[in-house]
Amino acid sequence: MTEPADVVVVGMGPGGEEVAERLAAAGLDVVGIDGRLVGGECPYWGCIPSKMMTRAAGLVTDGRRVVGMAGGAEVRPDWSVVARRIREEATDHWDDSVAVERFEAKGGRFVRGWAHLEGPRRVVVGGRTFEAGTAVVLGVGASAWSPPVDGLAGTPFWTNREAIEAEEVPHALAVLGGGAVGVELAQVFARFGADVTVIESGPHLVGPEEPEAGRLLAAVLEGEGVTVRTGVAARSVRHDGHRFSVELAEGRPVTADRLLVATGRRPALDGLGLASLGVEPTGGAVPVDDHLRVVDGVWAVGDATGKGGFTHVAMYQAAIVVDGILGRPVVPADYRALPRVTFTDPEIGSVGLSERAARELGIEVRTGTAEVPASSRGWIHKAGNRGFVKLVEDHRRGVLVGATSMGPCGGEVLGLLTLAVHAQVPTRSLRTMMFAYPTFHRAVEAALDDLDDAPA
Ligand SMILES: Cc1cc2nc3c(=O)[nH]c(=O)nc-3n(C[C@H](O)[C@H](O)[C@H](O)COP(=O)(O)OP(=O)(O)OC[C@H]3O[C@@H](n4cnc5c(N)ncnc54)[C@H](O)[C@@H]3O)c2cc1C
């Protein structure tokens, strides 16, 4: 027997939950399904608890920075306070009752279980079959991916889940992967006393970002006692029941009590039954058009679409899907001004294209750069002031197509740059703008000065 519904949402992460709540609030009969927790990765094992960690680690380091700038301070980091805050304030002990109640209060029906498709409108979960009259929305997200390194699969390595749930700081931590998740958690655990080694096979940390950002971050981390090994791949992993040993393609092996594998995430499509829609994954992701449609009556949102593994991408797409399902005019998805923030200290904010990516697209590129410590605010700030602003201009069109703001509050300074890329504000118009003194974002003005002098 099939159960009718207007809309069935599979996966209630930030994207699916947003769609399900908004459609339920609009009066549709919405069934929301999740095998784990309503809210998905972001509130339980992702953005929110990891940013609680970076906030705590920032406080520890700011306490230490008092010396030489404001007198004396004794800092005694205590991880149990952070772990308790994650358990009690962020995740409710990994319990989603509040989120389920919020959805049900809007009229939604929640089903816990792992669902699969049996055609465009049929969703099967735990022996029940739902038939969606209007739409099915796939918000199944992504899972941590581990590389096929010899010996790794059989070992008790950490993914982001175990790292977020950690009750103790390991004495020694090896981190495989120098992307955003790896470097954020590496810095956090190092600041709480772990002896951390980051292993990154690419030439620099935070691979897709400007190389300058990766190199500066490596220097900052090394200054804090983290060992950074870039350009070297892990060849094999062993665990002797107590410790890990990571054999590298060159150099000494890395030994550690814990191994965090942070080598990326892949859309969670196993067993979903995508083939029953007559479509194949594209690049491992659910193929979508610019209205987020997969096939007639089926939409997808979030990490599953492979358009950018960020909560703000999932929420942005969710708004488009809601408009599409409600038959409102849809503004097609546009990822030109996709902002990204790596919440290390200093933060790395970036938007749009890197210089290299812009050149590869054949754009006539001009760049302008300014160092944060050379700005008034950076100089005042002193301890922890490292960073830079880099602008990537399409010289022919006279607009920014990408930018990086690394430094204290780099993610906040990014807002101005995201607006410029999104709205295609002419660079000459940015040149006539006033920048409040002495803010960090005045480095943008200095980078525009540098752009003026740059050859195309
Ligand atoms: C450590 C870490 C830190 C992060 N920090 C940030 C950050 O600071 N800022 C940011 O923007 N992003 C951050 N992210 C990324 C962010 O968490 C994701 O982009 C976001 O959660 C994606 O949302 P989503 O809707 O695609 O689905 P997800 O959050 O991945 O949730 C998908 C849900 O679908 C469910 N599901 C999957 N398959 C099925 C099925 N077949 N049946 C039923 N249920 C299913 C899962 O149980 C899950 O609950 C971080 C990620 C990690 C790991």
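Everything numeric in this text was worked out from a predicted model, so none of it was measured.

Procedures and definitions
- Residues numbered from 1 in each chain as written.
- Predicted model: local features only at pLDDT ≥ 70, side-chain atom pairs only at ≥ 80, totals over all residues.
- Pairing = 2+ DSSP bridges.
- Helix = DSSP H or I, 4+ residues; strand = E, 2+ residues; numbered from the N terminus.
- Axes fitted to C-alpha atoms, helices over the stretch in contact; angles between N-to-C directions.
- Contact = placed C-beta atoms within 7 Å.
- Domains from an automatic or database assignment.

A look at the sheet that holds strand S19 (residues 347–352)
Piece 1. Read from one edge of the open sheet, five strands run S18-S19-S22-S21-S20, paired in antiparallel fashion. Two strands close off the open sheet at either side, each with one partner strand: strand S18 (339–342) and strand S20 (365–371). Across this sheet, the average inter-strand angle for adjacent strands is 10°, counted without regard to direction.
Piece 2. Sheet analysis places S20 next to strand S21 (residues 388–394), joined by seven bridges and oriented antiparallel. Residue Thr369 lies in a different strand from S21, and its bridge partner there is Lys390.
Piece 3. Set on the sheet, helix H8 (residues 211–223) makes contact with S19, S21 and strand S22 (399–407); between it and S22 the angle comes to about 0°.
Piece 4. Taken strand by strand, helix H14 (residues 442–453) contacts S20 and S21, and its axis lies near 135° from that of S20.

What about the domain arrangement of the protein chain?
Piece 1. Along its sequence, the protein chain is organised into domain 1 (2–39 + 96–143 + 266–325), domain 2 (160–263) and domain 3 (339–452).
Piece 2. For domain 1 and domain 2, the distance between their C-alpha centroids amounts to 34 Å.

Brief notes about the sheet that holds strand S8 (residues 172–176)
Piece 1. Taking strand neighbours across the sheet as the criterion, the four strands line up as S10-S9-S8-S14 in an open arrangement whose pairing is parallel. Every interior strand has two partners, whereas the edge strands, strand S10 (227–230) and strand S14 (258–261), have only one. Between one strand and the next, the sheet's axes are offset by a mean angle of 15°, whatever the strand orientation.
Piece 2. Two elements, S8 and S14, share four bridges in a ladder whose sense is parallel. Looking at S14, one finds that Leu176 is bridged to Val261.
Piece 3. The strands touched by helix H7 (residues 180–191) are S8, strand S9 (195–200) and S14; relative to S9, the strand with the most contacts, the crossing angle is about 165°.

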